[in-house]
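# Overview (structure and organization)
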Amino acid sequence: MSGAQVLKIPLAAASASPLFRSVTWGVPALILAVALIPDRENTPLLRGLLTALALLIFALFQLAPRRLAYTLTPDAVVIQRVLNQTRLPYASLSARRTSGVLGMRTFGTGMPGYLTGHFTLSHDGQGVSRVLAAASATQGGVLLHSGDADYFLTPADPAALLAELSRRGVGLAA
């Protein structure tokens, strides 16, 4: 593993249905619309707070997907999210492709291009049913197993990621 360098891994293109996208983007639009509706109880302070909330949510929706990143360092996979990062040392890691599809979010964030936290996984074929997602799409992923957790990632080229992980000493599961 000597000579291993830092390598940024591109993410898969975001996938979300038009309905999901419109509902997600509709939330800040609805809050902003409520703020702008003339009403006696809608004081300037309340209007300002609602407008600020709508802009904050809009900014989060714009920035969060750009903050999701995977980096291979000389000794670990680093998963970067908006608020934190996770280091998965190669020594305790195994990896494989999955035909699984992210299902219900049980705790975390789910918006177009940014799926993080605890999710169910269906159709895996090897029995994994709960994952920690750090994904831009709901399918086409790679599972990294570390300790007692399975991480669902969606690199743009899963085969290239697995080949590079293997080169860095990670065991590949069938």
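Before reading further, recall that the structure is shown in the block above.
Here's a quick rundown of the structure. None of the values given here were measured: they were computed from a predicted structure.

## Overview of the sheet that holds strand E10 (residues 149–153)
Here we have seven strands laid out as an open sheet, ordered E6-E7-E8-E10-E9-E5-E11, and mixed in their pairing. Whereas interior strands pair on both sides, the edge strands pair on one side only; in this sheet they are strand E6 (101–111) and strand E11 (171–172). Examined bridge by bridge, strand E5 (residues 93–97) and strand E9 (residues 142–146) share five bridges and lie antiparallel to one another. If you follow Arg96 over to E9, its bridge partner there is Leu143. Sheet contacts for helix H3 (residues 158–167): E5, E9 and E11; angle to E5, the most-contacted strand, approximately 155°.

## Side note on H3
For H3, the complete set of buried residues consists of Pro158, Leu161, Leu162, Glu164 and Leu165. Looking down the long axis of H3, one finds its buried residues gathered within 165° of arc, a one-sided arrangement. Positive phi shows up at Gly169, right after H3, with a value of about 100°.

## Let's talk about the side chain of Glu164
Residue position: Glu164 is located in helix H3. We classify Glu164 as buried; its relative accessible area is 14%. Setting aside its immediate chain neighbours within four residues, Glu164 contacts Leu7 and Leu72.

## A closer look at the environment of Arg167
Relative to the elements of secondary structure, Arg167 occurs in helix H3. The exposure class assigned to Arg167 is exposed, which follows from its relative accessible area of 52%. In the structure, Arg167 is positioned 32 residues away from Ala135 in sequence and 23 Å away in space, judged by C-alpha atoms.

## Some details on unusual backbone geometry
For residues that are not glycine, phi is negative in most cases, and the peptide bond is trans in most cases. One non-glycine residue, His123, lies in the positive phi region at around 65°. Mapping His123 onto the fold places it in the loop between strand E7 (114–122) and strand E8 (130–135).

## Structural notes on the layout of surface pockets
Estimates place the volume of the second largest pocket at around 170 Å³. Lining the second largest pocket, in full, are Leu60, Arg81, Val82, Leu83, Asn84, Thr109, Met111, Tyr114 and Thr116. Taken together, the residues of the lining of the second largest pocket sort by class into five nonpolar, three polar and one charged.

## With respect to the pairing of E6
Pairing geometry for E6 and E7, over eight bridges, is antiparallel. The residue bridging Gly108 from the neighbouring strand is Gly117, located in E7. Once E6 ends, the chain turns through two residues before running back antiparallel as E7, passing Gly113 with a positive phi of about 85°.

## Overview of helix H1 (residues 18–36)
With 19 residues, H1 extends 26 Å between its outermost C-alpha atoms, agreeing within 8% with the 27 Å of an ideal straight helix rising 1.5 Å per residue. At Gly26, H1 is deflected by roughly 35°, the largest bend along its length, and proline Pro28 occurs up to four residues later in sequence. For H1, the full list of buried residues reads Thr24, Pro28, Ile31 and Ala35.

## Digging into the pattern of salt bridges
It is possible for side chains bearing opposite charge to pair when their charged atoms get close. Applying the stated criterion across every chain yields a total of four salt bridges. Of the charged contacts, one joins Asp124 and Arg96 as a salt bridge, the two residues approaching to 2.7 Å between their closest N and O atoms. Of the two residues, Asp124 is situated in the loop between E7 and E8 and Arg96 in strand E5; the sequence distance between them amounts to 28 residues. Residues Asp124 and Arg96 agree in their burial class; the two are buried. Where Arg168 meets Glu164, a salt bridge forms, and the shortest distance between an N and an O atom there is 2.7 Å.

Definitions and cut-offs
- Residues numbered from 1 in each chain as written.
- Predicted model: local features only at pLDDT ≥ 70, side-chain atom pairs only at ≥ 80, totals over all residues.
- Heavy atoms only, no water.
- Pairing = 2+ DSSP bridges.
- Helix = DSSP H or I, 4+ residues; strand = E, 2+ residues; numbered from the N terminus.
- Contact = heavy atoms within 4.5 Å.
- Axes fitted to C-alpha atoms, helices over the stretch in contact; angles between N-to-C directions.
- Buried < 20%, exposed > 50% of the residue type's maximum accessible area, 1.4 Å probe, protein only.
- Arc of directions from axis to C-beta.
- 1 Å grid on protein atoms, 1.4 Å probe; cavity = no way out; pocket = protein on both sides within 12 Å on 5 of 7 lines; lining within 4 Å.
- Points joined across faces, edges and corners; volume = space filled by probe spheres on them.
- Nonpolar A, V, L, I, M, F, W, Y, C, P; charged D, E, K, R; others polar.
- Expected span 1.5 Å × (residues − 1).
- Bend = angle between axes of the 7 residues up to and from the residue.
- Salt bridge = Lys/Arg side-chain N within 4 Å of Asp/Glu carboxyl O.

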